[in-house]
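Architecture and fold: a report
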Amino acid sequence: MNTMAPVQTPHWKTALNMILNPGEVVKGQMGKVPWPYSLLISGLAFTLFFLQTGLDLMRTGKIEASSVILITMLGLLYGTVGVAMIAVMVWALSQAEQRNITVEWAISNFALGYSPTFVYALTGLIFSLLFGWKTAVAFGVTGVLWALRPTLFTIKQMSGERVPFSIAMTTLCGAIIMVGWALLGKFGG
């Protein structure tokens, strides 16, 4: 008897697939990705995004290096605790528990949905450091916008495919993220 063990997809590959085909990842692979790993992705994404913001503000003379460090640490907090809180809020509002969707699944999906943000933030930081460009808007905001597609698929899954609800909640989640980032800009300026 020849039995083959199921092939396990590496977590990094699932994160990359979340950029390319979020619907398939949400439906098929997310149960296998532990939520701490996913929060690591979103935490790093916002750490790099907020670091870019701090560097941009420092280049314009609005803040000092110590404030860049503070802003970067706020990004880590925002990308972990903030993303988890948003996930829990949407999980509760979508009544996902009635569909046997756990809060851990919701947190993992929301956090891993920021894989595109991580890629854009890392790329932007490289351009910022190599060329001295102000990259927070061009790369960081673009990365956050790319994360809305995985967020939409996650909310659709949690809400039982309720499209209008999913669009409204995705818009709200995106607005919360962007308003928080804009408030950070006020802090620096």
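Overview of the structure. Quantities reported herein were computed from a predicted structural model and do not represent experimental measurements.

**Side note on the environment of Pro150**
- Tracing the sequence through the fold places Pro150 in helix H8 (residues 148-158).
- You can call Pro150 buried: its relative accessible area is 1%.
- C-alpha of Pro150 to C-alpha of Gly113: the two residues are 37 residues apart in sequence and 5.1 Å apart in space.

**A short note on the packing of helix H4 (residues 65-93) against helix H5 (residues 103-112)**
- Where H4 contacts H5, the axes come no closer than 8 Å and their chain directions differ by 125 degrees. Judged by the inter-axis angle, H4 sits oblique to H5. In this structure, H4 crosses over H5, and the sense of that crossing is right-handed. Side by side, H4 and H5 meet where Val83, Ala84, Ile86, Ala87, Val88, Val90 and Trp91 of the first sit next to Val103, Ala106, Ile107, Phe110 and Ala111 of the second.
- Tallied by class, the residues present in the contact of H4 with H5 amount to 12 nonpolar, no polar and no charged.

**What about the packing of helix H3 (residues 35-59) against helix H7 (residues 136-146)?**
- H7 packs onto H3 with a crossing angle of 155 degrees between their chain directions and a minimal axis gap of 9 Å. Considered as vectors, H3 and H7 are oriented roughly antiparallel to each other. Regarding H3 and H7, the two cross each other, and that crossing is left-handed. Across the interface between the two elements, Phe46, Phe49, Gln52, Thr53 and Asp56 of H3 pack against Ala136, Phe139, Gly140, Val141 and Val144 of H7.
- When grouped by side-chain class, the residues that make up the contact of H3 with H7 number 6 nonpolar, 3 polar and 1 charged.

**Some points on the side chain of Thr72**
- Residue position: Thr72 is located in helix H4.
- Contact partners of Thr72, with chain neighbours within four places excluded, come to Thr47, Phe50 and Leu51.

**Comments concerning the packing of aromatic side chains**
- A full pass over the atoms with the stated rule returns 12 aromatic pairs.
- Consider the rings of Phe49 and Phe50, whose centres lie 5.7 Å apart with planes at 80 degrees: the pair is edge-to-face. Neither Phe49 nor Phe50 differs from the other in exposure class; each is buried.
- Connected via pairs of aromatic rings, a cluster forms that spans Phe46, Phe49, Phe50, Tyr78, Tyr114 and Trp181.
- Sitting over the face of the ring of Phe165, Arg162 holds its NZ or CZ atom 4.3 Å from the ring centroid.

**Comments concerning the pattern of salt bridges**
- By the definition in use, this model includes 2 salt bridges.
- For Asp56, the salt bridge goes to Arg59, with nearest N and O atoms at 3.9 Å. A residue pair is termed a helical-turn pair when its members lie 3 or 4 positions apart in one helix, as Asp56 and Arg59 do in helix H3 at 3 residues.
- For Asp56, a relative accessible area of 11% corresponds to the buried category.
- Note that Glu161 and Lys156 form a salt bridge whose closest N and O atoms lie 3.9 Å from each other.
- By relative accessible area, Glu161 is classed as partly exposed at 42%.

**What about the nonpolar core?**
- Phe46, Phe49, Phe50, Val90, Phe110 and Met158 are the most contacted members of the largest nonpolar core, which has 38 residues in total.
- When contributions to this core are tallied by element, the ones reaching two or more residues are H3, H4, H5, helix H6 (115-131), H7, H8 and helix H9 (163-188).
- No other element matches the 9 residues that H4 contributes to this core.
- Not counting residues within four places of it along the chain, the set of residues in contact with Phe50 comprises Ile71, Thr72, Leu74, Gly75, Tyr78, Trp181 and Leu184.

**Focus on unusual backbone geometry**
- Even without being glycine, Gln95 reaches a positive phi, approximately 55 degrees.
- With respect to the helices, strands and loops of the structure, Gln95 is situated in the loop between H4 and H5.
- With a phi close to 65 degrees, Glu161 is a non-glycine residue in the positive phi region.
- Note on placement: Glu161 falls in the loop between H8 and H9.

Analysis parameters
Counting from 1, residues in each chain are numbered in the order their sequence is written. Per-residue local features are limited, in this predicted model, to residues with pLDDT of at least 70; the limit for side-chain atom pairs, both in listing and counting, is 80 or more; totals at the level of whole chains, interfaces and linings are taken over all residues. As a rule here, side-chain values cover all heavy atoms of the structure and leave hydrogens and water aside. Only runs of H or I of at least four residues qualify as helices and only runs of E of at least two qualify as strands under DSSP, and these elements are numbered from the N terminus. Relative accessibility thresholds used throughout: buried, under 20% of the residue-type maximum; exposed, over 50%; partly exposed, between the two (1.4 Å probe, protein chains only). Simply put, an axis is a line fit to the C-alpha atoms, just over the touching stretch for a helix, and the angle between two N-to-C directions goes from 0 to 180 degrees. Orientation is classified from the angle alone, with under 35 degrees giving roughly parallel, over 145 giving roughly antiparallel, 65 to 115 giving roughly perpendicular, and any other angle giving oblique. For any helix crossing, the convention is left-handed if the near helix is rotated counterclockwise from the far helix by under a right angle, and right-handed if that rotation is clockwise. In what follows, a contact means two residues having at least one pair of non-hydrogen atoms within 4.5 Å. When residues are sorted by character, Ala, Val, Leu, Ile, Met, Phe, Trp, Tyr, Cys and Pro go into the nonpolar class, Asp, Glu, Lys and Arg into the charged class, and all the rest, Gly among them, into the polar class. For Phe, Tyr and Trp, rings pair up if their centres lie within 6.5 Å, where Trp contributes its six-membered ring, and each pair is then called stacked (planes under 30 degrees apart), edge-to-face (over 60) or tilted (otherwise). Any Lys NZ or Arg CZ that is within 6 Å of a ring centre and within 35 degrees of that ring's normal is treated as a charge sitting over the ring. Salt bridges are defined by distance alone: a side-chain nitrogen of Lys or Arg within 4 Å of a carboxyl oxygen of Asp or Glu. By nonpolar core is meant a set of buried Ala, Val, Leu, Ile, Met, Phe, Trp, Tyr and Cys residues that side-chain atoms within 4.5 Å join together.

Function-wise, these values are silent; they only describe arrangement.
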